[in-house]
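# Survey of secondary and tertiary structure
Single-letter residue listing:
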Amino acid sequence: MTELLRLLALYYACEVSAETRFPSPSEWARCMGHYHAVKAHFAGDLTGPRAQIEGYRAWKMWEDENGVLVAQLRARAVR
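Below is a summary of the structure that appears in this document. (Residues numbered from 1 in each chain as written. Predicted model: local features only at pLDDT ≥ 70, side-chain atom pairs only at ≥ 80, totals over all residues. Heavy atoms only, no water.)

### Things to note about the state of the cysteines
One pass over the full model with this rule turns up 1 disulfide. In this model Cys14 forms its disulfide with Cys31; the gap between the sulfur atoms is 2.0 Å. Around the S-S axis, the bridge from Cys14 to Cys31 shows a dihedral of about -80° and counts as left-handed. In this pair, Cys14 is assigned in helix H1 (residues 2–20) and Cys31 in helix H2 (residues 25–43), connecting sequence segments 17 residues apart. Per residue, the accessibility class of Cys14 equals that of Cys31, and both read buried. (Disulfide = S-S within 2.5 Å. Helix = DSSP H or I, 4+ residues; strand = E, 2+ residues; numbered from the N terminus. Buried < 20%, exposed > 50% of the residue type's maximum accessible area, 1.4 Å probe, protein only.)

### What to know about the environment of Leu46
Within the element layout of this structure, Leu46 appears in the loop between H2 and helix H3 (48–65). Between the C-alpha atom of Leu46 and that of Val78, which follows or precedes it by 32 residues, the distance is 33 Å.

### Focus on the environment of Arg6
Its location among the elements puts Arg6 in helix H1. Overall, the relative accessible area of 44% leaves Arg6 in the partly exposed class. Separated by 54 residues in sequence, Arg6 and Lys60 have C-alpha atoms that sit 17 Å apart.

Here it is as structure tokens:
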């Protein structure tokens, strides 16, 4: 869970940053890496396009189930 929280914190920081300015190419690449890593975490053993879709769906369900934690991570990213 610690690795997941680290990845989510990095991704949410990217989200917050992108709301205020356009990311540089290197920032964009780094943030996309975080995005894909989070989806891969939730995809488990799935691979290929199905992993991308199912990983994203599982991530969003996890966010719905852990709203307080997600809000805390997003609030920390704003600071």
